[in-house]
Every structure is written in C-alpha cells, then in structure tokens.
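Survey of secondary and tertiary structure
Residue strings, one per chain:
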Amino acid sequence: MLSNPFQNSKKALLILVGFCVLPISAMAQDLSDDQEPKPDFGPMIKQVIERSILPGYEALRIAAHTEERSISNLCQSPNLNNLIQARKGYKNLVSAWASVEIFRLGPAIKNNRQEKLFFWPDRKSIGLKQVRKLIDTENQTALSYETLRTKSVAVQGLLALEYVLFGKGADLLSEGIAQSYRCKYGETISQAMGRTALDISKDWSKPNGYADLMYNPGSDNPVYRTQEEVVQDLLRVSSEMIQSVRDLKIHNSIKSTPEKSKPKRAPLWRSNLTIHAIKENLNSVAQLLNAGGLGSFTPRYTKSLGFELEQTNKFLTQLEQRSAPWVELVKNEDAHKTLNFLLIPLEGAKNVTTDLIPAELGLSLGFNSLDGD
C-alpha cells in the first residue's frame, strides 16, 4: 500500500519541531540558572538609617540645644567672650545641619521642615527682609517657640540665626543690655531648630514610621514597593546633594569670571562658613556610600566617586586655609580659578551617582527635585 505523502511530511515536521524545541528549552533553563539573583539591599538600608540618618538628626538636635544654651548665656551676660562662644556654637550647628541636608525625603520634607531649618536660596531676599523687620519692630511673637513656629519658614532657621549673630548690628550683642530682643530671638530660633530636628527624628524612628517604610517595602506600602525603590531614593538624594553644591552653591555664585561673580548668592557668607558647610555636604555623600554601606554593591564606581570627592575636598581645604571671607575669595583671580576647577570633579561625582551606579544596579533615578532650578 502506498504511503500518504502528506502524512509523511507531517511526521517529519513533528520530528523536526521536537528536535528544535528541546534545545531551546534546555538553553532557557541554562540562562535561568546562570542569572544572578537580585542583591538583598535590606541590611544596607538598615545600616544607612542607623549609622547615618538617625545619628545625624540627633547630632543636629544636640547642636541646636547646645547653641540655645550658649545664646542664653550671651543674653544674660552680654560680653565678647559669650558672643565668641555663641558664634562657635553656630559653626557646630552648621556642621550638624550640613551633614543631614542630604536627606531631603520623608520626614524632612513634611510640613516644610527642610525649609524651616534652612530657607535657601532666598532669591529675592524675602526671608532676610522678614528677619530684619522682626528685629527692627521687636515683634514679641518671635520670642516664643509656639508662636515663632507659625510664622514664615524664613524666620526660624539657620540663616535667620546667622543674621542675628553675624549680620548688621550683631557686634552690639556683646555690648548691649541683658535680655535684648535680638539675643532672645536668636535663642528662640535655636530652640525651634532643635524641636524641628526632634520632630524629624521621631517620624523616622516611631512604629510604622519612615524607617519602617524603608525596611518593609511591598504592595501595601504607600511609598516603597521594592527595595530597589528605596535604593533609588538614597542615590537620588546623593546626586541632588552634589548637584546643589556644584550648580547652586558654587557655580551660581562664582559665575564665569571674578568680575561677574555674585558671592552673596552662596549660603552662609556672613559667617564665612560657606566652604565649611560644602565640605560637610560632600562628606555626607561619602558617609552614605561608605559607612552607610550603599557603595559596597558597586566598589569600582564607589572608588571613582571617592577620588572625585577627595580631589574636591583637597582644594576646598586649601581655600579654607586662606581664612579670607567668601565675598573676597570669590573675587580673587587665583581663588576663582580653583573654584571653577572644582566644577570638573563635582560633575564627575554627580555622573557616578546619577548614571553609573544606578546603571550597574539596574536602577533609574527618575525625577530630580533640582531640575529646573
């Protein structure tokens, strides 16, 4: 009996398909076996919070409380030594703030707390005008924390206190009458900053607080669905901190030449703590990646970032050692060249945190809150 050619062709096709399917299936299994599992970011997230974020805000609270006592002593006994001590305490407060300025997320941006601590940039000097008006009119509602906290964010933070201690007429704090308005206002600002730092800390560490949201991402978590989203947030604030230093605090102040520079656009120029604060800002990025542990997942790029930040820090230290006021430093040709050079390693550092590390981890940072500034 003659065989049906159609049936023979059909059998041959099935045999051929069988031979093709088996190797493809086996290859897919091999790829699945070779694929690296996603890293467990959980221990690192916990380390960042426990070694960087919570200690940072506690240090800020303590620095504010210490400064409150120093200014209280100045108010009770106006003299040069007490004014010097209050100004030293202010530098410690700046250090503490600059170390947590990076953490612009969660509890820090709730109820405008970040701006209450540090209202900057003050592009039209609105905040400065409000501070001056309080002092000129001796508005008594600024002498109580309960009423000061209801006022503009510009009159209850670090830069308001800077004007009190270093602005026009501040030297009279060492010569004036006891319990002067200006002095008592400075004391209240310190108290307000301490309370704000405490509120932030509580919102991080309380049950079901922001730390728990980072520890336990998932489908029922209102902020983070995965560990990767938490890491993206930490990398984002690191990138934004570097961008803020480079573009807003340095470049926007020095401009293209000493003649075109606008030194008073930088923060903390009255107290001449601009460079000091910038160094602390950049150190907070290194702290997050090293002590926080985030950098251990991308050692090659972490080393590259460390190099860029070390280069920046070296030249900032050289400028700081000149002991010249920031407003004079920016106008100096040699110093201006150094500051302009710093933009290069800072751009490299930003590129590492914005592009290279996220790409290595398979992440995308997405929206940058500084875009458009």
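Residues numbered from 1 in each chain as written. Predicted model: local features only at pLDDT ≥ 70, side-chain atom pairs only at ≥ 80, totals over all residues. Heavy atoms only, no water.

So, about unusual backbone geometry. Here the residue pair W120 and P121 is connected by a cis peptide bond, since its omega of 0 degrees sits within 30 degrees of zero. Along the chain, the position of P121 falls in the loop between α4 (113-117) and α5 (126-137). (Helix = DSSP H or I, 4+ residues; strand = E, 2+ residues; numbered from the N terminus.)

Under the criterion given, the structure shown has 17 salt bridges. The partner of K249 in a salt bridge is E101, and the shortest N-O contact between them spans 3.0 Å. Placement of K249 in helix α10 (residues 227-254) and of E101 in the loop between α3 (80-100) and α4 is noted, with a sequence separation of 148 residues between them. Both residues of the pair, K249 and E101, belong to the buried class. The closest approach of N and O atoms between R236 and D233, which form a salt bridge, is 2.9 Å. Here R236 and its partner D233 are both found in helix α10, three residues apart, which amounts to about one turn of the helix. Residue R236 shares its accessibility class with D233, and that shared class is buried. Salt bridges here are not isolated pairs; linked through shared partners, they connect K110, R113, D203 and K206. (Salt bridge = Lys/Arg side-chain N within 4 Å of Asp/Glu carboxyl O. Buried < 20%, exposed > 50% of the residue type's maximum accessible area, 1.4 Å probe, protein only.)

Time to look at the packing of helix α2 (residues 42-76) against helix α8 (residues 181-205). Relative orientation of the contacting elements α2 and α8 amounts to 160 degrees, with a least axis distance of 8 Å. Here α2 lies roughly antiparallel to α8, going by the angle between them. Two packed elements cross with a definite hand, and for α2 against α8 that hand is left-handed. Taken together, the residues that form the contact of α2 with α8 break down as 15 nonpolar, seven polar and six charged. (Axes fitted to C-alpha atoms, helices over the stretch in contact; angles between N-to-C directions. Parallel < 35°, antiparallel > 145°, perpendicular 65-115°, else oblique. Left-handed = near helix turned anticlockwise from the far one by under 90°. Nonpolar A, V, L, I, M, F, W, Y, C, P; charged D, E, K, R; others polar.)

Between the first and last C-alpha of α8 there are 36 Å, a value that for 25 residues agrees with the 36 Å anticipated at 1.5 Å per step. Along α8, 18 of the 25 residues are buried, which leaves the element largely enclosed by surrounding structure. (Expected span 1.5 Å × (residues − 1).)

Attention shifts here to α3. Every α-helical turn comprises 3.6 residues, leaving residues that sit three or four positions apart pointing alike. Its 21 residues place the ends of α3 31 Å apart at the C-alpha level, agreeing with the 30 Å of an ideal helix rising 1.5 Å per residue. Turning to α3, its buried residues are N82, L83, A86, G89, Y90, L93, V94, S95, A96, W97, A98 and V100. If you check the start of α3, you find a side-chain oxygen 3.2 Å away from the backbone N of N81, and it comes from N79. (Polar contact = N/O pair within 3.5 Å; in protein donor to acceptor, adjacent residues only side chain to side chain.)

Right, let's talk about the layout of surface pockets for a bit. Considered as a void within the structure, the largest pocket measures approximately 600 Å³ in volume. Forming the walls of the largest pocket are 26 residues, and the residues nearest its centre are W120, D122, S125, K264 and W269. Residue assignment for the lining of the largest pocket shows that the elements contributing at least two residues are α5, α7 (158-166) and α10. It is α7 that contributes the most residues to the lining of the largest pocket, five residues altogether. Residues that form the lining of the largest pocket fall into these classes: 16 nonpolar, four polar and six charged. (1 Å grid on protein atoms, 1.4 Å probe; cavity = no way out; pocket = protein on both sides within 12 Å on 5 of 7 lines; lining within 4 Å. Points joined across faces, edges and corners; volume = space filled by probe spheres on them.)

Bringing the nonpolar core into the picture now. Formed by 101 residues in total, the largest nonpolar core has its most connected members in Y57, L60, L158, Y185, W204 and M214. If one sorts the elements of this core by residue count, α2 sits on top with twelve residues. L158 has contacts with Y90, L93, V94, W97, L117, F118, M193 and L268, leaving out every residue within four places of it along the chain. (Core = buried A, V, L, I, M, F, W, Y, C linked by side-chain atoms within 4.5 Å. Contact = heavy atoms within 4.5 Å.)

On to the confidence of the model for the protein chain. Per-residue confidence for the protein chain gives a mean pLDDT of 90; residues scoring 70 or more make up 88%. Scored below 50 in pLDDT, residues 1-34 shows one contact in the model against residues more than four places distant or in partner chains. (pLDDT = per-residue confidence, 0-100.)

What follows covers the packing of aromatic side chains. For the structure shown, the criterion picks out eight aromatic pairs. Arranged with centres 6.1 Å apart and planes meeting at 35 degrees, the rings of F118 and W120 form a pair that is tilted. An identical accessibility class is assigned to F118 and W120; each is buried. By way of ring pairs, the aromatic residues W97, F118 and W120 are connected into one cluster. Here the basic side chain of K46 rests over the ring of Y215, its NZ or CZ set 4.9 Å away from the ring centre. (Phe/Tyr/Trp six-rings, centres within 6.5 Å; stacked < 30°, edge-to-face > 60°. Lys NZ or Arg CZ within 6 Å of the ring centre and 35° of its normal.)

So, on to empty space enclosed by the protein. Scanning the model with the defined rule gives one cavity of 30 Å³ or more in all. Taken as a whole, the largest cavity holds about 50 Å³ of empty space. Considering the residues around the largest cavity, the lining is formed by W97, A98, E101, F118, K249, P267, L268, T274, A277, I278 and N281. Contributions of two or more residues to the lining of the largest cavity are made by α3 and α11 (274-289). Counting residues per element, the lining of the largest cavity draws most heavily on α11, which supplies four residues.

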